[in-house]
Each structure stands twice: as C-alpha cells, then as structure tokens.
Amino acid sequence: MKKFRVAIIGYGRSGQDIHGKFFASENNDKYEVVAVVDALDFRREQAKARFGCEVFADYHEILDRKDIDLVVNATYSYQHYPVALDFLKAGFNVVSEKPFAVHADDCQAMIDAAAENNVMLCVFQQSHFAPYAKRIREILASGVLGRIAMIKIQFSGWARRWDWQCSQRFGGGCLRNTGPHPFEQALDLLDSDEMPQVVSRLDIVNSYGDAEDFCKALLLMPGKPVIDVEISSCNAYADFTYNIQGQYGSLKATMAAIDYKYYNPADVEEPKLNLESLRGANNEPRYCGETLPWKVEHEDLTGSAFDTAVKAYYDNIYDHLTTGAELVIKPAKIKQMIAVMEEIHRQNPLPEKY
C-alpha cells in the first residue's frame with residue numbers, strides 16, 4: 001500500500017492534537033508526516049520528536065517540493081485562504097482546516113485554483129463522519145419519524161475564553177470556530193443548493209475579546225424543516241446536541257447516545273376532524289386524547305468526531321486520491337455554509353476592537 005507523504009502547516013491545537021494525533025496513531029496506515037511548518041521553535045522540536053520529520057519556520061520553504069503528496073493546512077483561521085491558495089497554485093493536494101475561509105468568494109477562488117492545477121481540495125469537516133451524525137442521517141432516511149418539522153442542533157456549554165479565538169482580526173468567534181460542525185450538518189440535512197433565508201443573532205456574553213461567543217440562527221426554506229442552530233458559551237444546561245420533531249415521533253441525541261420514539265401510522269386509525277364539542281359517556285367535556293403504540297429506541301454510540309470520524313475522513317481522502325472515489329465533503333457545499341456565515345455576520349455587525 002502506498003503511503004502518502006504529508007506536510008502539516010501549523011502545529012497548534014489542530015495540527016498537533018487532531019491531525020498529528022491521527023497520523024501518529026495505530027489507526028493510520030496510509031500516511032506519513034515528512035514535514036511540519038510552525039513559526040514557534042518549541043513546536044517544531046515537538047513535531048521533530050514525534051515524527052522524525054523535517055521542520056520549517058515558514059511554509060514558503062516547501063512550496064517548490066515535489067515529494068509531498070498532501071498538505072494539511074492547520075494555520076490560524078484567517079490564514080486558511082491565503083495559505084491554501086499558495087499551495088494549490090504550487091500544485092499540491094490540500095486539506096484545509098475549518099473554517100474554509102472568511103468569505104464565500106475566497107472559497108470559490110480556492111475551488112478554481114484546485115481545478116486549474118488539477119489537484120484535490122477538501123475541507124476538514126470531520127464531524128460529518130461522527131457516529132451520532134451518521135446514525136441520525138440513517139434514522140431520518142428510514143422515514144420512521146415521518147415528515148420533519150424542526151431540527152434543533154445545539155453545540156453549547158458554559159465556558160469563558162480569552163485566546164485568539166476571541167479576536168475578529170484572527171478570524172475567531174464561535175460561528176467560525178465551532179459553527180462549521182453544526183452548520184455543515186444542518187445544510188446537509190436541509191439538502192438544497194439554494195441559499196436559505198437566515199434569521200440570526202450574535203452576542204458576546206462571557207468571552208474576553210471582540211468576537212461572538214453566542215450564536216442563534218434559523219435556516220428557513222419552503223418545503224423544508226426549520227433548522228435551529230445554537231452555539232453558546234453561556235448554557236450550563238445544554239443536555240442535547242440534536243432535537244428533531246417529526247410527524248410520527250421525535251428524536252433527542254447527544255454525541256454519545258440517541259433516543260427516539262415513534263409510532264407506525266399503519267398500526268393506528270387516523271382520527272377524523274370533529275367540529276362539534278367533544279364529550280364523554282356522561283356528556284362531560286372531553287379533550288382529544290389517545291394511546292398510541294409508541295416504539296421507544298435507545299442507542300449508545302462508540303467513537304467520536306476526534307477518533308473514528310478523523311479516520312473515516314482521511315480514508316475518504318486516500319480513496320479519492322488513489323481510486324477516484326467521490327469526496328464526501330464537497331468544497332462547493334462548504335462554500336454555501338460560508339455564505340450563510342457571512343450573512344449572519346452581515347446581520348450582526350460587531351465592532352472590531354483588537
């Protein structure tokens with residue numbers, strides 16, 4: 001089996017603790033890290049100790065290399081676009097961390113550069129492969145919940161933050177940092193290439209910077225479920241990741257377990273509208289009520305967005321580059337997500353202070 005030679009650009013939390021962790025793990029038999037780029041000398045030493053690879057302070061030092069099969073762009077959020085564009089134009093296959101870019105036009109520029117140079121471009125949206133997301137898609141596709149009225153997705157908790165992710169200048173904020181996970185899933189479930197109507201609110205509640213740490217957004221489209229996405233750092237009672245409301249039942253899920261209940265419409269008689277006053281056997285007033293044969297399901301899940309999902313993502317990248325398999329994460333679809341995020345920021349301008 002051919003092993004792809006990988007360069008990681010940026011060896012911080014993502015480059016080291018997500019991508020680097022996978023490449024150094026027993027789950028990886030398809031990639032070897034041959035170069036790491038980071039401006040900080042101690043991180044370069046960490047990478048060298050871990051992989052025995054070459055290390056560089058500036059990514060321009062490897063732009064003319066011909067022996068690297070894949071570049072992983074794990075730089076600061078505001079650098080994703082210019083760094084990825086440089087590597088695409090130099091003829092490298094690129095996996096770029098989320099967010100894909102700050103502007104949808106920048107996404108298109110990267111997509112065009114990849115096509116012009118006949119190389120692969122993919123965005124690291126590994127949560128698409130997380131066990132909970134995969135299983136929810138399967139349950140919805142089965143139809144047991146009937147027509148879906150609303151899908152609530154909540155990536156919330158209670159935390160204070162004071163690092164670069166609190167800075168608009170660095171491309172920070174919960175929408176661009178955490179948001180790519182729920183919004184990719186939301187748009188995948190909305191299943192349309194059209195731009196949804198967006199109703200939103202951003203706020204800065206308990207983080208120490210000028211970028212938002214609270215986001216509420218509704219994605220609306222005729223004939224589609226209402227999609228309600230919440231990302232909050234001030235919700236100490238965030239007890240679910242998904243809540244789905246359907247014609248025949250409902251679903252509640254965390255990233256570790258799924259509960260859902262539904263009835264089979266074939267097993268019950270559908271009531272007929274009665275516009276007269278409802279009454280009981282003794283003519284007492286009645287309220288509509290019935291006992292349905294609910295089927296109640298509980299599923300515990302194994303694996304997460306940071307282990308099994310990472311492997312599934314990189315397996316798809318490998319299959320695409322070796323056999324031409326279709327990319328699951330399509331850059332054009334992630335461009336749509338960035339356009340939604342741009343609209344949310346347009347609706348909620350926050351002053352840049354730092």
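Residues numbered from 1 in each chain as written. Predicted model: local features only at pLDDT ≥ 70, side-chain atom pairs only at ≥ 80, totals over all residues. Heavy atoms only, no water.

### Here's the deal with the overall build of the protein chain
Tallying secondary structure elements over the protein chain gives nine helices and 14 strands in all. Projected onto its principal axes, the C-alpha coordinates of the protein chain cover approximately 90 × 50 × 35 Å. Relative to its 354 residues, the protein chain shows a buried fraction of 49%. In the protein chain, of all internal contacts separated by at least 6 residues, the share reaching a separation of at least 24 is 73%. Across the protein chain, the 38 positively charged side chains and the 50 negatively charged ones have centroids separated by 2 Å. (Helix = DSSP H or I, 4+ residues; strand = E, 2+ residues; numbered from the N terminus. Buried < 20%, exposed > 50% of the residue type's maximum accessible area, 1.4 Å probe, protein only. Contact = heavy atoms within 4.5 Å. Lys, Arg positive; Asp, Glu negative; His and termini not counted. Charge placed at Lys NZ, Arg CZ, Asp CG, Glu CD.)

### Observations regarding the sheet that holds strand β3 (residues 54-56)
Strand order in this open sheet of six strands is β3-β2-β1-β4-β5-β6, and the pairing throughout is parallel. With one partner strand each, in any of the chains shown, β3 and β6 (121-124) form the two edges of the open sheet. Averaged over all pairs of adjacent strands, the angle between their axes in this sheet comes to 25°, without regard to strand direction. Pairing analysis gives four bridges linking strand β1 (residues 4-9) to strand β4 (residues 70-73), with the strands arranged parallel. Bridge pairing in β4 links Val6 to Leu70. Across the face of the sheet, helix α1 (residues 13-23) comes into contact with β1, β2 (31-37), β4, β5 (94-97) and β6 while running at roughly 165° to β1. (Pairing = 2+ DSSP bridges. Axes fitted to C-alpha atoms, helices over the stretch in contact; angles between N-to-C directions.)

### Observations concerning the pattern of salt bridges
Evaluation of the coordinates by the stated rule reveals 17 salt bridges. The network of salt bridges with shared partners includes Arg5, Glu54, Arg65 and Asp67. (Salt bridge = Lys/Arg side-chain N within 4 Å of Asp/Glu carboxyl O.)

### What to know about helix α9 (residues 331-347)
An α-helical turn contains 3.6 residues, so a residue and the one three or four places further along point in the same direction. Over its 17 residues, α9 runs 24 Å from end to end, which matches the ideal 24 Å to within 8%, given 1.5 Å per residue. Along α9, the residues classified as buried are Pro331, Ile334, Gln336, Met337, Ile338, Val340, Met341, Ile344 and His345. Contacts made by the buried residues of α9 are with α4 (104-116), β6, α6 (174-177), α7 (180-190), β8 (197-203) and β9 (214-220). (Expected span 1.5 Å × (residues − 1).)

### Details of the pairing of β4
Going residue by residue along β4, you find Leu70 and Val72 tucked away on one face and Val71 and Asn73 tucked away on the opposite face as well. Where β4 and β5 come together, three bridges link them in parallel fashion. In the strand pairing of β5, Val72 is matched with Val95. The parallel pair β4 and β5, bridged by helix α3 (residues 80-89), forms a crossover whose chirality is right-handed. (Right-handed = clockwise from strand over helix to strand, strands pointing away.)

### Quick word on the layout of surface pockets
Approximately 960 Å³ is the volume found for the largest pocket. What lines the largest pocket is a set of 45 residues, and nearest its centre among them are Arg13, Ser14, Ala74, Thr75 and Trp164. Of all the elements in the fold, those that place two or more residues in the lining of the largest pocket are α1, α3 and α5 (131-142). Ranked by residue count, the leading element in the lining of the largest pocket is α1, at four residues. Class assignment of the residues belonging to the lining of the largest pocket gives a composition of 21 nonpolar, 17 polar and seven charged. Taken as a whole, the second largest pocket spans an internal volume of roughly 350 Å³. Around the second largest pocket, the lining comprises 19 residues; the ones closest to its centre are Arg161, Cys174, Thr178, Ser232 and Ser233. For the lining of the second largest pocket, the elements supplying multiple residues, two or more each, are β7 (148-156), α6 and β10 (226-232). (1 Å grid on protein atoms, 1.4 Å probe; cavity = no way out; pocket = protein on both sides within 12 Å on 5 of 7 lines; lining within 4 Å. Points joined across faces, edges and corners; volume = space filled by probe spheres on them. Nonpolar A, V, L, I, M, F, W, Y, C, P; charged D, E, K, R; others polar.)

### Notes on the side chain of Glu230
Structurally, Glu230 can be placed in strand β10. Looking at Glu230, its side chain comes within polar contact range of the side chain of Ser156, at 3.0 Å. Sequence-distant contacts of Glu230, defined by excluding residues within four places in its chain, comprise Ile153, Gln154, Phe155, Ser156, Cys215, Lys216 and Asn235. (Polar contact = N/O pair within 3.5 Å; in protein donor to acceptor, adjacent residues only side chain to side chain.)

### Considering the side chain of Asp213
Note that Asp213 resides in the loop between β8 and β9. Buried within the structure, Asp213 lacks any salt-bridge partner; its nearest side chain of opposite charge belongs to Arg160, at an N-O separation of 9.3 Å. A polar contact is formed between the side chain of Asp213 and the backbone nitrogen of Val205, at a distance of 2.7 Å. Contacts of Asp213, omitting those with residues within four sequence positions, involve Cys174, Asp203, Ile204, Val205, Asn206, Ser207, Ile231, Ser232 and Ser233.

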